[in-house]
Amino acid sequence: MSERSSTETVLISEWIRRTIDEGARTFKPSFTDPLPRILCSDEYLISALRVAYSLADWICKAEENGDKILPMPSSDWTDGIVVNHYLHQTSTIEGHENLIQAEFLPSLFNTNNNEGPNDDSINPVQYIYSLGIVFYGIFSGGERPVELLKEERTTVVGSDEILAEHSIFDPLLSDQVVAPNDFGIDLQILDELWKDDEGEIEEDDQYRPKKRQNDQNQTSSSISVEPLKAKWIPGPLCDLIANMLDSNNDTLSGEDSYKRMMDVRDDLQLMLEKPAIFLRDQDVGRLSITGLQFHDAVFGRSSELSAIKEAYRRSVSGAGELLIISGVSGSGKSLLASEFGNYVSSDGGILLSGKFDQLQQGRPFSALASAFDSYCGNLIRKDGPLTTKDLASKLISSLGREVYHLARIVPTLAIILGPRVMGDFSHDQVCANPQERLQHLLCQFVEVISSSYAAPVVLFLDDLQWADTASIDAVNQLLFTPDISSSLSAKIGNRFFFVGCCREAGIDEKHPLWSVFCHAKLLDVKYTNLKLRCFEEETLNLMVSETLCLSPRVTRSLSSIIYHKTQGNPLFVSRLMLSLSKDGLLRPNLNRRRWEWDKKKIESLKLPEDVAMFITNSIEALSEDVQSSVCVLSCFGATADTAFIKTLEKALDRKLLDSLDTAVAEGLLDKIDDKYRFSHDRIQEAAYNMMNILEQGRSHFTYGMALAPLATGEEEYSILLTAANQLNLAGPEAVQEESQYVTIADLNLRAGKKSMEMSDFVAAYSYFDAGISFLRKKHWEKHYALSLELFNLAAECALTNRDTVSLKLLSEQVIKYGRSYEDTLNVMYSVTCSLASSSKLPKSIEKGLDILANLGIELRGNESSMEDCVNGAKDLLSGYTDDEILNTKRMTDPTMIIAMKFLEKMELGMTQIMPESAPHVMQQIIQISLSHGMSPVSPIGFVHLGSYIAKLGDISEGYRYVKLARSLTDKVGSRESAGEVICFGTQVRAYVEPLQATLEYHYEGHAAAMASGDIMQAATNTICYCANILLAGMNLHTTREKCAESENFMYERKMLIFMVQLQCIQRSVFKLIGTDEKPKNDSAEGENILATNNSVMTSHYFQNAYISFMFRLYDDSKHYTEKYLDCIVSTWANLLLLHAFHAFYIGLVSFWVARKSREEQSWYQRGNKSKLALKKWTESSQWSFENKWYLLEAEESFCNNDFDAAKSYYDKAISSAKDHKFVHEEALAYELAGYFYLELGDIDQCVEYFLHAHERYQEWGASGKCDSLFKFVEGFMRERAVQSLPIAHDDGDDCGLASSLHQAGRD
């Protein structure tokens, strides 16, 4: 801290006068007596409190240090105290209390060695009493207590000296005091103030403090603070002074009187730090009417709050983190999280807050929907950087038509979007996986919010023990799944922090939240479990103290009683104190203007040990109407809005609102924003458990049946879900009439459909399952249509939820009781999809082929080649223009629609394991589309046709069809097939457009697939993207990061085949970078897939051949290339970008082997075939393929010993790679040219080319490859009998390689 420029020191009486004078200048002349107003003003009180605090602190420190120099106790210390006022500060002072300090003058210290201030004859309370007199003077404006004035008029102080009557202000003048220029007051310097020129003390100096005899043995008279109260001095301050003055009076000294100076100091500090609580008068008149009031203050949790803030800061800075607050019920979890939420909002963050409810688990995405809905509501009510118009525009831009599905679960978002937008957007529910779609949309919503504010987003979910699986899956995606469809750098996890609260022991391995913990551990994401304990007695006293606005010293005895009765449970404490207030055992005293209590009666209270029983007793003490209404409300969960309660009143024909308002007044409920909410979930549980199980069931049934007739119309879906939920809580055993079984089953059918529309398939399944449970015997005969729909939709939900056991049982029932083959198609489709997603693809295809054969679509036995199928499809289309195709009618035949869905699954499955059969499926899709109309599957047939045509060599014609497929996707108005169309279309477009430009298309494909819930195609786009960025030469560290994100995406969704394929790419990237890192999710199951899946095996062998070639491992390159060639006999029929790169690197390996092997002819022919393929592809895209063709020409010329041609082609390959931004292939061309010149013995050229190769590899991020090249150079130098490298190699430093190569050149 820098020094102050000046310090003014005055006697305290002068300081009081000056401060009052300064305050008087702020009042108008009309005030006849401004003194009371000045003394109770903030300016005077705070300054005076700082003076008082510094005096108490001075004595405390002296006592703590065992200091012998203490002022002698006296009833008049005033003339021996000075105030140091620091002026003209040169820098900011930390803490305003340092601006004013008071100290004691030496004249107050007893210097008689026979009598020290700390001897046994002096009671410490005498210091408190003496300082109390000083405080009286400070806060009264310089007055002495009247009682002392009366004594002083008649008391003889010495044999020849009578104490003069005091005036209000000390007569000392400030200009007769010299002020030192530092913080501390040098007592010796101050003492010099009282000496004359000769150094002797002037006996008659009128400004010297009067010498007093020690009056420590005097009996203190009773001093009243009523004069202070008359000057409007705050009551707590009057009480503090009174308790100091009473401390030395045995008659008056009571429990509140001070015994230690440190207590005085602590109370003064509280008044300074929290004046609103400890200094200001309470409105006891209001409190006598309202009773005790609790506010949302957090006590004793500062370390926990700091831990949450630190986790938040780490998370939003990119570390990624989640935090769970756990503890026993009533320990203050939600309050702590709320306090953190206030911090987030004040720090510029965005808080989304929701709460799970045990009795509302049937409501789709209840807590998440509530969190987003509240945010939208706040956006409507408040102005901010993001307006409702901006939000609507950005969501529509980001999500397109899919925003409709988001608005289905966030009602307020529908208001923001407006009726026109909601009406214009498609309501088509055709979707591969609506739940995956909604999770993706929620992630996009967070991305829009975060990017709009450029601020982190915090999601807080309370009562996680009641969380539903769908919501937790969404949280998983928000936390751990990167949004690869937005941009290279986009990652929601960097701006997203999750905080949850749950009861202690409320989460086990079976709970949905357990998967979040497992993912966090797997992905090395920091996870913190913050456990809250009940209060210690000291913390509880702090809570009681601040609640009653009394010093902790005063409330300690009450707190001790409360602690032993509640064991420090915060909820129990607050409920008990409210009860004490209600019963008058804790009450405001109008005369004393503070709370008081009946200690003995509180001690004698017999209370239950459990807070739930205590709350139950509190509810039972209310009137029967209030009890009944609270119990009714408890059946619907923790909250209910006024509109719903009015609906319930109408349905039940009884009044509820008045009784609930009474419960609000009793503190059982809160009423906020027109909603009734239980003050704590334990209160709701206590009210609910006041009914026995049978009563609970009857109540739920009564309420559900009463609400059911009101659940009509689209806008009443909330009533529909609530009615169904109430009836399901009651169960079939509560049904009273036979006809009610079918009514309730149908109600559950409607509720399940509504949940499916809202993309919560877990909740939907629970409704369908409940509906099935209400069906009686022979329901397939009596209620066939209802039964079929319930079972079909339940099976669809089971598929989405990956519940294979339930899917098997449901499908068996439909197949057994279905009245026609067509009636069983939906469940058989679900079973087929389940087999495909559970690594049983061959069985899935066989089952699909059987079903299609039964529908008259025979795919077996067709031995037509791919070329025949392509020509057949082209013949079918020959009579149609592109416009006619785009305007073909929509398909309406239900059987054909489901048949097309089977064909779609066959196309994708066969593409992977039966590529020779896939073209037959394509031909059937196009034929049925032309005959029966276009369906969402139709674009898939056209995109595969384009891919096959391109594979057969006609790139431009194939390019035309993939663009037509894309247009058809938009025309049919469904995004269900968009992911697949974009993915396979992009593979063809990469043969025409610059490779780097096509990478963005896979972003779009991923987003489109996720928007339709098609995680299979989302994964396909992802793996194609990862392969393409490696082939395009993107920086390897970025490639590694994107691959890791994609691996997490696939692992989370158990997409093992895709994940194993991706891991082949990852291993190559790790090797090139030079790290020992391995894919995180290697497994034995992955090894099995590698051994049995030809597509995966092909990728594995190619990547091994590629990396062996890059590291110049001749034998391995040859071995893995042969393995690869054995696999491609049965490879994908589609044209993929990988085919060009496979041809390129297999060609390079082949020419290498041809130069070294006895089988040179066969290898040469392979190389030549690859060269011709690249030459042809160069005709369609010079940008992407020219440099590759040139490099193969160079290698072929090298094989043919046509060295001049080789030199020319190497340089062309280098130049073309540079021009077209392929840094990795520029490096490779330099390297291969270096080997060529090395073979020729041209060391100078070899040096130059190897050095350039090294530079380009470093630019690519291939440090591992750089090391390998360095070692090779060192090795061939040794062979040439050249001395070992003189400089150690360091990654990123070309000097070592350059020096080595030039050394080789000189030798």
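Note that this is a predicted model, so its numbers are computed, not measured.

**So, the overall build of the chain**
Then step 1. For the chain, the helix and strand inventory stands at 61 helices and 13 strands.
Then step 2. Burial analysis of the chain (1307 residues in total) assigns 57% to the buried set.
Then step 3. Residue pairs at least 24 apart in sequence account for 74% of intrachain contacts in the chain once pairs closer than 6 positions are excluded.
Then step 4. With the model as given, the accessible surface of the chain reaches about 55400 Å², and the carbon-plus-sulfur share is 48%.

**Here we look at the environment of Phe 1185**
Then step 1. Here Phe 1185 shows up in helix 56 (residues 1182-1199).
Then step 2. Between the C-alpha atom of Phe 1185 and that of His 1220, which follows or precedes it by 35 residues, the distance is 9.5 Å.
Then step 3. Excluding anything up to four places from it in sequence, Phe 1185 contacts Ala 990, Tyr 991, Leu 1137, Ala 1140, Leu 1174, Trp 1177 and Thr 1178.

**Comments concerning the pairing of strand 13 (residues 675-678)**
Then step 1. On strand 13, burial follows the alternation: Tyr 676 and Phe 678 on one face are buried, whereas Lys 675 and Arg 677 on the facing-out side are not.
Then step 2. Sheet analysis places strand 11 (residues 639-641) next to strand 13, joined by 3 bridges and oriented antiparallel. Its bridge partner being in strand 13, Thr 639 is matched across the sheet by Arg 677.
Then step 3. Two elements, strand 12 (residues 669-672) and strand 13, share 4 bridges in a ladder whose sense is antiparallel.

**Remarks on the pattern of salt bridges**
Then step 1. Considering all chains together, one arrives at 51 salt bridges under this definition.
Then step 2. The residue Lys 808 makes a salt bridge to Glu 812 at a minimum N-O spacing of 2.6 Å. On the criterion of helical spacing, the pair formed by Lys 808 and Glu 812 is a turn pair, its members being 4 residues apart in helix 37 (residues 804-817).
Then step 3. For Glu 812, a relative accessible area of 37% gives the class partly exposed.
Then step 4. One salt bridge in this structure joins Arg 1256 and Glu 1226, with 2.9 Å as the shortest N-O distance. Placement of the pair is Arg 1256 in helix 59 (residues 1243-1260) and Glu 1226 in helix 58 (residues 1223-1240), with a sequence separation of 30 residues.
Then step 5. The class of Glu 1226 is buried, set by a relative accessible area of 5%.
Then step 6. It is possible to trace a salt-bridge network through shared partners that takes in Glu 8, Glu 14, Arg 17, Arg 18 and Asp 21.

**Notes on helix 24 (residues 570-582)**
Then step 1. Its 13 residues give helix 24 an end-to-end C-alpha distance of 18 Å, which sits within 8% of 18 Å, the value for a rise of 1.5 Å per residue.
Then step 2. Burial runs high along helix 24: 11 of the 13 residues are buried.
Then step 3. Along helix 24, the residues that are buried comprise Pro 570, Leu 571, Phe 572, Val 573, Ser 574, Arg 575, Leu 576, Met 577, Ser 579, Leu 580 and Ser 581.

**Considerations on the sheet that holds strand 12**
Then step 1. With antiparallel pairing, the 3 strands of this open sheet are ordered in space as 11-13-12. The strands lining the two open edges of the sheet, one partner per strand, are strand 11 and strand 12. Mean inter-strand twist for the sheet, computed between neighbouring axes without regard to direction, equals 20°.
Then step 2. Contacting strand 11, strand 12 and strand 13, helix 27 (residues 624-634) runs over the sheet at an angle of about 90° to strand 13.

**A few points about the packing of aromatic side chains**
Then step 1. What the rule picks out here adds up to 40 aromatic pairs.
Then step 2. A centroid spacing of 4.8 Å and a plane angle of 80° characterise the contact between Tyr 1106 and Tyr 1145, whose relative ring orientation is edge-to-face. With Tyr 1106 in helix 52 (residues 1094-1110) and Tyr 1145 in helix 54 (residues 1137-1156), this residue pair connects regions lying 39 residues apart in the sequence. No difference in accessibility class separates Tyr 1106 from Tyr 1145, as the two residues are buried.
Then step 3. Centre to centre, the rings of Phe 1109 and Trp 1152 are 5.8 Å apart; their planes meet at 75°, and the pair counts as edge-to-face. Of this pair, Phe 1109 sits in helix 52 while Trp 1152 is found in helix 54, placing the two residues 43 residues apart along the sequence.
Then step 4. An aromatic cluster is built from Phe 1198, Phe 1203, Tyr 1210, Tyr 1230, Phe 1236, Tyr 1237 and Tyr 1249, whose rings are joined through pairwise contacts.
Then step 5. Above the face of the Tyr 784 ring, Arg 819 is positioned so that its terminal group lies 4.0 Å from the ring centre.
Then step 6. Seen from the ring of Tyr 1001, Arg 989 lies directly overhead, with NZ or CZ sitting 4.0 Å from the centre.

**Brief notes about the environment of Ser 1181**
Then step 1. With respect to the helices, strands and loops of the structure, Ser 1181 is situated in the loop between helix 55 (1160-1180) and helix 56.
Then step 2. For the pair Ser 1181 and Ile 955, spaced 226 residues apart in sequence, the C-alpha separation works out to 9.9 Å.

**A few points about the packing of helix 27 against helix 30 (residues 681-689)**
Then step 1. Their axes nearest at 8 Å, the elements helix 27 and helix 30 cross at an angle of 110°. It follows that helix 27 is roughly perpendicular to helix 30 by the angle criterion. Touching Val 630, Cys 631 and Ser 634 of helix 27 are Gln 684, Ala 687 and Tyr 688, all from helix 30.
Then step 2. Of the residues contributing to the contact of helix 27 with helix 30, the split by class is 4 nonpolar, 2 polar and no charged.

**Here's the deal with the confidence of the model for the chain**
Then step 1. When pLDDT is averaged across the chain, the result is 83; 85% of the residues are at 70 or more.
Then step 2. Confidence drops under a pLDDT of 50 for residues 88-98, and excluding neighbours within four residues, the segment shows 18 contacts in the predicted structure.
Then step 3. Per-residue pLDDT stays below 50 along residues 1281-1295; that stretch engages in 27 contacts with residues further than four places along the chain or on separate chains.

**Focus: the sheet that holds strand 6 (residues 457-462)**
Then step 1. Ordered in space as 5-6-7-4-8, the 5 strands form an open sheet in which the pairing is parallel. This sheet does not close on itself; its edge strands, each paired only once, are strand 5 (350-355) and strand 8 (526-532). Across the sheet, the axes of successive neighbouring strands diverge by a mean angle of 15°, strand direction being ignored.
Then step 2. Bridge analysis of strand 6 against strand 7 (residues 496-503) gives 5 bridges, and the strand direction is parallel. Within strand 7, the position partnered with Val 458 by the bridge is Phe 497.
Then step 3. Against the sheet, helix 14 (residues 366-381) makes contact with strand 5 and strand 6, and its axis sits at roughly 140° relative to strand 5, the strand it touches most.
Then step 4. Of the strands in this sheet, strand 5, strand 6 and strand 7 touch helix 19 (residues 434-453), which is tilted by about 135° from strand 6.

The rules behind these values
- Residues numbered from 1 in each chain as written.
- Predicted model: local features only at pLDDT ≥ 70, side-chain atom pairs only at ≥ 80, totals over all residues.
- Heavy atoms only, no water.
- Helix = DSSP H or I, 4+ residues; strand = E, 2+ residues; numbered from the N terminus.
- Buried < 20%, exposed > 50% of the residue type's maximum accessible area, 1.4 Å probe, protein only.
- Contact = heavy atoms within 4.5 Å.
- Areas by Shrake-Rupley, 256 points an atom, 1.4 Å probe, with all protein chains shown as cover.
- Pairing = 2+ DSSP bridges.
- Salt bridge = Lys/Arg side-chain N within 4 Å of Asp/Glu carboxyl O.
- Expected span 1.5 Å × (residues − 1).
- Axes fitted to C-alpha atoms, helices over the stretch in contact; angles between N-to-C directions.
- Phe/Tyr/Trp six-rings, centres within 6.5 Å; stacked < 30°, edge-to-face > 60°.
- Lys NZ or Arg CZ within 6 Å of the ring centre and 35° of its normal.
- Parallel < 35°, antiparallel > 145°, perpendicular 65-115°, else oblique.
- Nonpolar A, V, L, I, M, F, W, Y, C, P; charged D, E, K, R; others polar.
- pLDDT = per-residue confidence, 0-100.

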